[in-house]
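Fold and geometry: a report
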Amino acid sequence: MAERWSLGRALRGMFVRPQIDENTWDELETALITADFGPDITEAVIEDLREKVARYGTTDPADLQRMLRESLEERFARFDTTLKLTERPAVVLVVGVNGVGKTTTIGKFAHFLRRYGRSIVVGAADTFRAAAVDQLATWAERGGAAIVRPQHEGQDPASVAFQTISYAKETGTEIVLVDTAGRLHTKGGLMDELTKIRRVIEKQAPISEVLLVLDATTGQNGVKQAEAFLQHAGVTGLVITKLDGSAKGGFVLSVQERTGIPVKLLGQGEGIGDLTGFTPHVFVEQLVS
Ligand code: GDP
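Keep in mind that what you see is a predicted model, and the values were worked out from it rather than measured.

Here is what the cut-offs are and how they apply
- Residues numbered from 1 in each chain as written.
- Predicted model: local features only at pLDDT ≥ 70, side-chain atom pairs only at ≥ 80, totals over all residues.
- Heavy atoms only, no water.
- Core = buried A, V, L, I, M, F, W, Y, C linked by side-chain atoms within 4.5 Å.
- Buried < 20%, exposed > 50% of the residue type's maximum accessible area, 1.4 Å probe, protein only.
- Domains from an automatic or database assignment.
- Contact = heavy atoms within 4.5 Å.
- Buried area = accessible area lost by both parts, 1.4 Å probe.
- Salt bridge = Lys/Arg side-chain N within 4 Å of Asp/Glu carboxyl O.
- Polar contact = N/O pair within 3.5 Å; in protein donor to acceptor, adjacent residues only side chain to side chain.
- Helix = DSSP H or I, 4+ residues; strand = E, 2+ residues; numbered from the N terminus.
- Nonpolar A, V, L, I, M, F, W, Y, C, P; charged D, E, K, R; others polar.
- 1 Å grid on protein atoms, 1.4 Å probe; cavity = no way out; pocket = protein on both sides within 12 Å on 5 of 7 lines; lining within 4 Å.
- Points joined across faces, edges and corners; volume = space filled by probe spheres on them.

In this structure, F109, L177, F229 and I240 are the most contacted members of the largest nonpolar core, which totals 94 residues. Split by domain, the residues of this core number at least three in each of domain 1 (7-76) and domain 2 (90-288). L177 has contacts with V92, I106, F109, A110, L113, I120, V121, V122 and G123, leaving out every residue within four places of it along the chain.

The structure is reproduced here in structure tokens:
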């Protein structure tokens, strides 16, 4: 699975060369740009590695591979990627543009948390389309979560969020995942809606995480589309989906640096089990190997 977004193939030629030379740097640059690290990180990493290679006086490509791993790990280490779910109930708001994989992610996340023995309720606060609520209900069920649905189409999303948290408190459910709308053409209205949801939730319980779901295959364009969420939704973590269909593993680092927000979960497939926590060390290992 990792093979798709791993730099392995792109780097292999470089690391079997007898010596580091100018071609090595060109190939490294191409590999990093192709993997969507973006020009700034690519330039900074190469500059860092050139400086280290000069300092240690090495010409061995194996040293370069190790230094690349270290350099990427250092950059990843600037972010705290752990999920903060210690409150009871822990309330997680899930936001993002339609089509990025938000519904699927909620089901997968419920499943992921169930494996740690947590009880979960999903709040269907995207109340606009009944079909979307049904789809969410299917995923919630697959993930082993309860669901609080709107009582009628178009019910105030904040009131659904309110009812979901009330349900969690009454039943002792540990984690609340609140789905929200992602219709971009009503951007202003959507941000007002999210602000209201947050305000209503915070009257009952603190919000532990606001997770913005981004699709790796749309890369930087997807981040641009999600700009309004980044500015107004109080995002605390990113979920990167569809990494399995993408050759763009570098997006995970570039999006963190561009937004200043840590990546907390990775979606790597359409199945219920295809969501993992984000462990930078493991990720870099897979990326560079
Ligand atoms: P939403 O509109 O944001 O709620 O998006 P959905 O959850 O309905 O997902 C949209 C499409 O993306 C569906 O076909 C999902 O199966 C697919 N999808 C979601 N996450 C992933 C992932 O990690 N990998 C792949 N390959 N497909 C995904």
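This paragraph deals with the domain arrangement of the protein chain. Frequently, the measure chosen for interface size is the accessible area that the parts lose on association. Segmenting the protein chain into domains produces domain 1 (7-76) and domain 2 (90-288). Between domain 1 and domain 2, the C-alpha centre-to-centre distance is 35 Å. Listed as interface residues are 15 residues of domain 1 and, on the opposing side, 20 residues of domain 2. Between domain 1 and domain 2, the buried area comes to about 1500 Å², and carbon and sulfur atoms account for 62% of it. By the criterion of area lost to domain 2, the three top residues of domain 1 are D36, R69 and F76, representing 44% of everything that side buries. One can count two salt bridges joining domain 1 with domain 2. Along the contact surface separating domain 1 from domain 2 lie five residue pairs in polar contact (both at pLDDT 80 or more). Counting residues per element, the ones that place at least two in the side of domain 1 that touches domain 2 are α1 (8-15) and α4 (61-76). Residue contributions to the side of domain 1 that touches domain 2 peak at seven residues, all from α4. Its residues placed into classes, the side of domain 1 that touches domain 2 shows eight nonpolar, three polar and four charged.

Quick look at empty space enclosed by the protein now. Counted by the stated rule, this structure contains one cavity of 30 Å³ or more. Approximately 40 Å³ is the volume attributed to the largest cavity. For the largest cavity, the full set of lining residues is V97, V100, V213, L214, D215, T218, G222, Q225 and A226. Secondary-structure elements contributing two or more residues to the lining of the largest cavity are β5 (207-215) and α9 (219-225). Counting residues per element, the lining of the largest cavity draws most heavily on β5, at three residues.

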